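# Coordinates in review
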Amino acid sequence: MAVALACCLWLSTGAVAGPVAKNPCVGTVERPADGVTVLSVQGYNESGKQPAMLVGVGPTGEILWVHHNAERFGAVWSYDVDPMANGNVFVTAAVRGGKTVVYEFDPRTQEAVRSVEFDIADTHDADLIDGGSEILVANMRNYNETVGENDARIFVYNRTRDEIVWQWQFHEQTDFEKERGADYTKAWTHVNDLDEIAPGRYLVSPRNFDQALLVNRSTKEIEMRLGSDDYDVLNRQHNPDYLESRNGTPRFWSPTATTTGSWSTPRRARIGVKRGRSEQTLDWPRDADRLPSGNTLVTDTKNERVAEVIPEGTLVWEFYAPWLPYDAARLTHVEESAGPTMRDENATGLHEITDSAGLHADDGDLAACHATLREARGLTDARRAFYGEETEDAGARNSTG
């Protein structure tokens, strides 16, 4: 099957729009979101390390809860978050001691239901597969000093057997020479994302190879590949997703580090990053999910925000979360990126974004937002009002992080 790349680009912003902010983190809200949005805040700014956390945001920008995984799990960096069918969130975080913890988090009780700690460092993504009985893990930093080999890999951990039952190592593939990418002794591949798109078929993102790969678990063969050595297709992609057009045509799409000029919805396009801090550009977007509505939820990392944009380019929902949001997902949708392709939407052309609140242009606005999130603990009054809970009943849980 031929592989095409279809996605979108959000770069410029315009006039302030939306309601008056209910809190200092609310940007534009032209339309309520179709459910709760969970944000993973990595935790860093130019002045130094900041706390990692997860934030639950209501349809009109209400802060429903804040989970401080830096306090609860010793998380150094907060990474991928995945919605679950039961309403919980599956979380990946790097923790002290060069290890990784993955856990199921219940937003209603603010408790971790199940957790597993892996003796591997700085893992950006792990996903539940096989009905939750196994965990698919992207093992980025795995240099073997004894033999001088980089064992960067993806692997499957069986929760019942408490052991790794399958792995796929990059150095076993003749395509990948050790000189490629970053320092061979460190994050050589920088494999930052993986998804099971069908039973036993894994979409893998070795960022430093500028490729997205579809790996077959049974054969260990690369069945599909997008990208090449010349950066013409992908350039330092992040969190690629797999979509299928209504006619069954497979498509990969991903934020990349390619610079272009505005929101773009041609039938063969990509998300681009324009480097440098500016009110008029995206700055290091690291996730973009196609929603069932056809809109796209973009995590604009260095602009400290998550925003929803329609195919024609108008920004309709925006929430700020300093410092360095890494990932965002709508809890309404178990499959984070399962909406239509731009071909299905008959969306083409270039469009300038309007209606951003532009809070990322003011360090004071960002500091006020960060202070609000940092001071919140567990369930908020807005969360109790949103779900119609009794204040006394939920108040006992408000002290949990």
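Everything discussed here concerns the structure shown above.
Notes on the structure follow. These numbers come from a predicted model, not from an experiment. (Residues numbered from 1 in each chain as written. Predicted model: local features only at pLDDT ≥ 70, side-chain atom pairs only at ≥ 80, totals over all residues. Heavy atoms only, no water.)

### Section: the nonpolar core
In terms of nonpolar packing, the biggest core is built from 28 residues, with Leu39, Val55, Ile63, Val66, Trp317, Phe319 and Leu373 touching the most fellow members. Where this core is concerned, the elements lending two or more residues are β2 (26-29), β3 (37-41), β6 (53-57), β7 (63-67), β28 (315-320) and α2 (363-375). Considering each element in turn, this core owes the most residues, four residues, to β28. Residue contacts for Phe319: discarding those within four places in its chain leaves Asn23, Cys25, Val26, Gly27, Leu39, Val55, Val57, Gly61, Ile63, Glu304, Arg305 and Val306. Counting 21 residues, the second-largest nonpolar core is a separate cluster that includes Leu136, Ala152, Trp168 and Ala187. (Core = buried A, V, L, I, M, F, W, Y, C linked by side-chain atoms within 4.5 Å. Buried < 20%, exposed > 50% of the residue type's maximum accessible area, 1.4 Å probe, protein only. Helix = DSSP H or I, 4+ residues; strand = E, 2+ residues; numbered from the N terminus. Contact = heavy atoms within 4.5 Å.)

### Observations concerning the pairing of strand β29 (residues 325-330)
Most of β29 is tucked away: six of the six residues are buried. Bridge analysis of β3 against β29 gives five bridges, and the strand direction is antiparallel. For Ser40, the partnering residue across the bridge sits in β29 and is Asp327. (Pairing = 2+ DSSP bridges.)

### Let's talk about the layout of surface pockets
Rolled over the atoms, a probe with the dimensions of a water molecule shows which regions are left empty. Its boundaries defined by the atoms lining it, the largest pocket holds a volume of some 820 Å³. Along its surface, the largest pocket is lined by 32 residues, and Asp127, Asp195, Glu196, Val334 and Glu335 are the ones closest to its centre. Elements represented by at least two residues in the lining of the largest pocket include exactly β8 (75-83), β12 (126-129), β18 (191-198), β22 (241-244) and β25 (285-290). (1 Å grid on protein atoms, 1.4 Å probe; cavity = no way out; pocket = protein on both sides within 12 Å on 5 of 7 lines; lining within 4 Å. Points joined across faces, edges and corners; volume = space filled by probe spheres on them.)

### Here's the deal with the packing of aromatic side chains
Throughout the structure, instances matching the rule amount to 13 aromatic pairs. When the centroid spacing of 5.8 Å and the interplanar angle of 80° are considered together, the rings of Phe118 and Phe155 count as edge-to-face. With Phe118 in strand β11 (residues 111-118) and Phe155 in strand β16 (residues 153-158), this pair connects stretches of sequence that are 37 residues apart. Each member of the aromatic cluster is reached from another via a ring pair, and the members are Tyr143, Trp168, Phe170, Tyr184, Trp188 and Phe209. Here Lys49 stacks its cationic end above the ring of Trp77, 4.4 Å away from the centre of that ring. Lying over the aromatic face of Trp284, Arg286 brings its terminal NZ or CZ to 4.0 Å of the ring centre. (Phe/Tyr/Trp six-rings, centres within 6.5 Å; stacked < 30°, edge-to-face > 60°. Lys NZ or Arg CZ within 6 Å of the ring centre and 35° of its normal.)

### Quick look at α2
With 13 residues, α2 extends 18 Å from end C-alpha to end C-alpha; this agrees with the ideal 18 Å at 1.5 Å per step. All of the buried residues along α2 are Leu366, Cys369, His370, Ala371 and Leu373. Those residues of α2 that are buried are in contact with β6, β7 and β28. (Expected span 1.5 Å × (residues − 1).)

### Observations concerning the state of the cysteines
Summed over the entire model, instances satisfying the criterion amount to one disulfide. There is a disulfide in this structure between Cys25 and Cys369, and the S-S distance comes to 2.1 Å. Between Cys25 and Cys369, the disulfide has an S-S torsion of 110° and is therefore right-handed. On the criterion of sequence distance, the pair formed by Cys25 in the loop between β1 (4-5) and β2 and Cys369 in helix α2 is long-range, its members being 344 residues apart. We classify Cys369 as buried; its relative accessible area is 0%. (Disulfide = S-S within 2.5 Å.)

### Observations concerning the sheet that holds strand β10 (residues 99-106)
Sheets are built from strands paired through backbone hydrogen bonds, the pairs being either parallel or antiparallel. Within the open sheet, the four strands sit side by side as β8-β9-β10-β11. Their pairing is antiparallel. Looking at which strands have only one partner, the edges of the open sheet turn out to be β8 and β11. Pairwise comparison of adjacent strand axes, ignoring direction, gives a mean angle of 20° for this sheet. Taken together, the seven bridges between β10 and β11 define a ladder with antiparallel strand orientation. Following the sheet pairing, Phe105 is matched in β11 by Ala112. (Axes fitted to C-alpha atoms, helices over the stretch in contact; angles between N-to-C directions.)

### Examining unusual backbone geometry
In this structure, Trp323 follows Pro322 across a cis peptide bond, with omega equal to 0°. The topology assignment puts Trp323 in the loop between β28 and β29. For Asp162, which is not a glycine, the phi torsion comes out positive at approximately 55°. With respect to the element layout, Asp162 can be found in the loop between β16 and β17 (163-169). The exposed category is assigned to Asp162, whose relative accessible area is 54%. Even without a glycine there, the phi angle at Asn239 is positive, about 50°. One can find Asn239 in the loop between β21 (222-227) and β22. What makes Asn239 buried here is its relative accessible area of 2%.

### Digging into the sheet that holds β12
Pairing in this open sheet of four strands is antiparallel, and the strands run β12-β13-β16-β17 from one edge to the other. Looking at the sheet topology across the chains shown, the edges are occupied by β12 and β17. Recorded for the sheet is a direction-independent mean angle of 20° between the axes of neighbouring strands. Note: β12 against strand β13 (residues 134-139), four bridges, orientation antiparallel. The residue of β13 that forms the bridge with Leu128 is Ile135.

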